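Residue-level listing of the chains:
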Amino acid sequence: MRTPIIAGNWKLHMNPAQTAEFVKNVKDKLPDSNKVESVIAAPAVDLDALIKASEGSNLSVAAENCYFEDEGAFTGETSPKVLKEMGVKYCIIGHSERRDYFHETDEDINKKAKAIFRNGLLPIICCGESLETREAGKEEEFVVAQIKKALDGLTSEQVSSLVIAYEPIWAIGTGKTATSDQAEEMCKTIRESIAKLYNEETAENVRIQYGGSVKPANVKELMAKPNIDGGLVGGASLEVESFLSLVNYQD
Ligand SMILES: O=C[C@H](O)COP(=O)(O)O
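Nothing here was measured: the structure is a model prediction, and the numbers come from that model. (Residues numbered from 1 in each chain as written. Predicted model: local features only at pLDDT ≥ 70, side-chain atom pairs only at ≥ 80, totals over all residues. Heavy atoms only, no water.)

J.: Mind laying out the overall build of the chain, listing which residues take part and the relevant values?
T.: Tallying secondary structure elements over the chain gives 12 helices and eight strands in all. The C-alpha atoms of the chain give a radius of gyration of 17 Å, which matches the 18 Å a tight globule of 251 residues would have. Taken along its principal axes, the extent of the C-alpha atoms in the chain is 45 × 45 × 35 Å. Considering the chain as a whole, with its 251 residues, one finds that 54% of them fall into the buried category. Expressed as a percentage of contacts within the chain between residues at least 6 apart in sequence, the contacts between residues at least 24 apart total 73%. Of the roughly 11,300 Å² that the chain leaves accessible, carbon and sulfur atoms contribute 50%. In the chain, 28 positive and 40 negative side-chain charges are present, and the distance between their average locations comes to 1 Å. (Helix = DSSP H or I, 4+ residues; strand = E, 2+ residues; numbered from the N terminus. Rg over C-alpha atoms; globule rule 2.2 N^0.38 Å. Buried < 20%, exposed > 50% of the residue type's maximum accessible area, 1.4 Å probe, protein only. Contact = heavy atoms within 4.5 Å. Areas by Shrake-Rupley, 256 points an atom, 1.4 Å probe, with all protein chains shown as cover. Lys, Arg positive; Asp, Glu negative; His and termini not counted. Charge placed at Lys NZ, Arg CZ, Asp CG, Glu CD.)

J.: Summarise helix α7 (residues 139–151); cite the residues concerned and give the values.
T.: Helical geometry note: an α-helix holds 3.6 residues per turn, so side chains three or four residues apart project in the same direction. Compared with an ideal rise of 1.5 Å per residue, which puts 13 residues at 18 Å, α7 spans 18 Å between its outermost C-alpha atoms and is within 8% of the ideal. Here α7 has its buried residues at Glu-139, Val-143, Gln-146, Ile-147, Ala-150 and Leu-151. Relative to the axis of α7, the buried residues are bounded by an arc of 120° and lie together on one face. In α7, the exposed residues that point more than 90 degrees away from the buried face are Glu-141 and Lys-148. Count one or two residues on from α7 and you reach Gly-153, which has phi positive near 85°. (Expected span 1.5 Å × (residues − 1). Arc of directions from axis to C-beta.)

J.: Help me get a handle on the packing of aromatic side chains, residues and values and all.
T.: Evaluated as defined, the whole model comprises five aromatic pairs. Ring geometry for Tyr-67 and Phe-68: centres 4.4 Å apart, planes at 25°, overall stacked. Centroid distance Tyr-67 to Phe-74: 4.9 Å. Interplanar angle 45°. Geometry classified as tilted. For Tyr-67, a relative accessible area of 16% puts it in the buried group. One aromatic cluster in this structure is built from Trp-10, Phe-22 and Phe-243. Looking at Arg-98, its charged tip hangs above the ring of Phe-102, at a distance of 4.1 Å from the centre. (Phe/Tyr/Trp six-rings, centres within 6.5 Å; stacked < 30°, edge-to-face > 60°. Lys NZ or Arg CZ within 6 Å of the ring centre and 35° of its normal.)

J.: Account for the UniProt feature "active site" (unreviewed entry) in the chain, naming residues and giving values.
T.: In the UniProt entry, the feature "active site" (unreviewed entry) is given for His-95 and Glu-167. Across 73 residues of sequence, these annotated residues stay compact in space, with a maximum C-alpha separation of 8.4 Å. As for the largest pocket, its lining draws on His-95 from among the annotated residues. Relative to the elements of secondary structure, His-95 occurs in the loop between β4 (90–93) and α4 (96–101). Residues within four places of His-95 in sequence aside, it is in contact with Asn-9, Lys-11, Cys-126, Glu-167 and Ile-172. Glu-167 sits in the buried class, given a relative accessible area of 5%. The contacts of Glu-167, once residues within four sequence positions are left out, are His-95, Cys-126, Cys-127, Gly-128, Glu-129, Ile-172, Gly-211, Gly-212 and Leu-232. (UniProt positions renumbered as here; feature names shortened; annotations may be inferred. 1 Å grid on protein atoms, 1.4 Å probe; cavity = no way out; pocket = protein on both sides within 12 Å on 5 of 7 lines; lining within 4 Å.)

J.: How would you sum up the sheet that holds strand β6 (residues 163–166)? Please name residues and give values.
T.: What the eight strands build is a closed barrel, ordered β1-β2-β3-β4-β5-β6-β7-β8; its pairing is parallel. Shown here is a sheet whose adjacent strand axes are inclined to one another by a mean of 25°, direction ignored. The pairing of strand β3 (residues 59–63) with β4 spans two bridges and is classified as parallel. Bridging across to β4, Ala-63 finds its partner in Cys-91. The strands touched by helix α5 (residues 106–118) within the sheet are β4 and β5 (122–127), with β5 carrying the most contacts at an inclination of about 160°. (Pairing = 2+ DSSP bridges. Axes fitted to C-alpha atoms, helices over the stretch in contact; angles between N-to-C directions.)

J.: Quick one: what's the story with the side chain of Glu-104, residue by residue and with numbers?
T.: Positionally, Glu-104 belongs in the loop between α4 and α5. According to the relative accessible area criterion, Glu-104 is buried, its value standing at 9%. A polar side-chain atom of Glu-104 sits 2.9 Å from a polar atom in the side chain of Arg-98. One polar contact links Glu-104 to Lys-112, side chain to side chain, over a distance of 2.8 Å. Ignoring sequence-local partners within four residues, the contact set of Glu-104 consists of Asn-65, Gly-94, Arg-98, Arg-99, Ile-109 and Lys-112. (Polar contact = N/O pair within 3.5 Å; in protein donor to acceptor, adjacent residues only side chain to side chain.)

J.: If you had to explain the site of the ligand to someone new, which residues and values would you point to?
T.: Taken together, 13 residues sit near the ligand, with Lys-11, His-95, Gly-173, Ser-213 and Gly-234 positioned nearest. Side-chain polar atom of Lys-11 to an oxygen atom of the ligand: 2.8 Å apart, as the coordinates give it. Protein coverage of the free-state accessible area of the ligand, which is 310 Å², stands at 95%. Of the residues belonging to the shell around the ligand, the class tally is four nonpolar, seven polar and two charged. (Near = heavy atom within 4 Å. Nonpolar A, V, L, I, M, F, W, Y, C, P; charged D, E, K, R; others polar.)

Spelled out as structure tokens, the structure:
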């Protein structure tokens, strides 16, 4: 039985004081973590504040990115080893904004996934097609290829424990959500591809989120789909009431 996982991705928003205030307002209103896992991914400069503020609560902490080396002469990068030492649980990798604006490749993402596991963190691996790819009818082969490259060399045990976030690029921050059927169809395809690459048990264990204009108004419909196990939420995770409605979607 997969525990649903709703993760806010704050992107480049919030400072440490706003982070502490946000967590103070949500920490006692989060669902039981074996009912729904609530996660916030914050900018690296806010993680210390996020970890301190969420101590003793049901909130899991995620980083939005990390490097694939633990230490060395890599100016400006974030060490997965230090993220673990700080108390971070998850790290998002392969977000389309990282792929587009920072030219991250599937190979980088695969190296990051390995670095994350090496350090005892868990990756949230993003994938998703552009509008152009969807209009060409090539979205399934595109996304399956992204997944295959991201998971290369990972064990079935590792894959069972990670999270995949399917985020069609055309639905991110646009207010244009994929229909729940479109989202379900791709999440199912991803799960089937994992069954082929690994086995049925691994595919049954892996949690797959949908992301792209998820809001309190559509979260229930998306979460009712059998292959959608959660949401990766940008804009709607920045307000306390909206974040609480999302994580408490079962109420
Ligand atoms: O990581 C989150 C996604 O990019 C979705 O962002 P959004 O909910 O603002 O569309």
